[in-house]
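Analysis of the macromolecular model
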Amino acid sequence: MGLLFSLLNSISQIYFVNRPISGLLITLGVFWSAPFMGLAMAIATLSAVLLAEILKFNPTLQAEGRYGFNAALVGLALALFAPPSLWVLVASAVLGGLSGLIYGLWNKHVQFSCYTLPFNLLILPWLYWNGQRIADEVPHDYEFPLSAIGQVIFLPDTVPAIMVCAALLWAGIGILGWAFVGALVASGTATFLLINPEYINFGLTGYNGVLAASAMFWHRLKPYWSVAAAVIAGLMTALVLKTGLPMLTMPFVLACWLCLGLRSIFCYYQHKFMPNKDYLS
């Protein structure tokens, strides 16, 4: 049961949740909409979880699914961007395990979170090598902001997005609320740069904001940090969309690092010159 819970928690940890029921709901949503993507996700995640078990990584982080969530995204991306084949499943197992190894080594030697950096390091170079670009025209008739929440796992369709929302609600209304706020703020920010409205409806402008706002909430920071992270993620997303290049979740990672760095600087000077204040914690 421990291994199964780690597997399900890894999938829910994509959204900063470590609840097996949440992971099960997300998994069911993926298999409902795209069975092959679900299979690749499960294989990649299992590979990372097993490798973490073999290498005896931190058992607490293992139970929380921290070594497997990058792998889940790796499997989803490989199944989305490559034609279905046995090689996709093999690559999912290999790169999924590698993403868990990168996360484990980063967590051991670096004091701040890498978030989804391993996923980006493994998938973005492949997308650029293949000349992958964001299409000028995207599918229509998607429901924003549900599409932004589902787009985190590359599935902006209504059913998987609703399953994700149910998974987040199971973990708490706070994480679900900030996911919606992040989608709205990031997409609202993107509109100032005259981004194609269909990108917004398809969830492409909002999914990094979903993750950024949720991350700040997960860190238990004050609400304005969630808003700030979503704004920064939205700006970065819009700028990359203008180029047509793939970005995956790098805007989210960079926005979070920037916010945490700014917070550390502000807190340092605040404690130095106003030791009795605690406004920026």
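Before reading further, recall that the structure is shown in the block above.
This report concerns the structure included in the present document. (Residues numbered from 1 in each chain as written. Predicted model: local features only at pLDDT ≥ 70, side-chain atom pairs only at ≥ 80, totals over all residues. Heavy atoms only, no water.)

Structural notes on helix α13 (residues 223–243)
An ideal rise of 1.5 Å per residue puts 30 Å on 21 residues; α13 measures up with 31 Å between its terminal C-alpha atoms. The set of residues buried in α13 consists of Trp225, Ser226, Ala229, Ala230, Ile232, Ala233, Gly234, Thr237, Ala238 and Leu241. Phi for Gly244, located one or two positions after α13, is positive at around 80°. (Helix = DSSP H or I, 4+ residues; strand = E, 2+ residues; numbered from the N terminus. Expected span 1.5 Å × (residues − 1). Buried < 20%, exposed > 50% of the residue type's maximum accessible area, 1.4 Å probe, protein only.)

So, the state of the cysteines
The full count for this structure, using the stated rule, is 0 disulfides. Considering cysteine sulfurs only, Cys259 is the nearest to Cys256, which forms no disulfide, with 6.8 Å between them. When its relative accessible area of 0% is taken as the criterion, Cys256 is described as buried. Relative accessible area serves as the criterion here: at 1%, Cys259 is assigned to the buried category. (Disulfide = S-S within 2.5 Å.)

Comments concerning the nonpolar core
By size, the foremost hydrophobic cluster in this structure holds 79 residues, and its most contacted members are Tyr15, Ile153, Met216 and Phe252. Considering each element in turn, this core owes the most residues, 8 residues, to helix α5 (residues 69–81). Discounting residues that sit within four places of it in the chain, Tyr15 has contacts with Ile26, Ile149, Gly150, Val152, Ile153, Val164, Leu168 and Ile175. (Core = buried A, V, L, I, M, F, W, Y, C linked by side-chain atoms within 4.5 Å. Contact = heavy atoms within 4.5 Å.)

Concerning helix α10 (residues 173–191)
Between the first and last C-alpha of α10 there are 27 Å, a value that for 19 residues agrees with the 27 Å anticipated at 1.5 Å per step. Of all the positions in α10, only Ile175, Leu176, Trp178, Ala179, Gly182, Ala183, Ala186, Ser187, Thr189 and Ala190 are classed as buried. Projected down its long axis, α10 shows its buried positions confined to an angular sector of 165°, all on one face. (Arc of directions from axis to C-beta.)

Bear in mind that shape data such as this cannot, by itself, settle questions of function.
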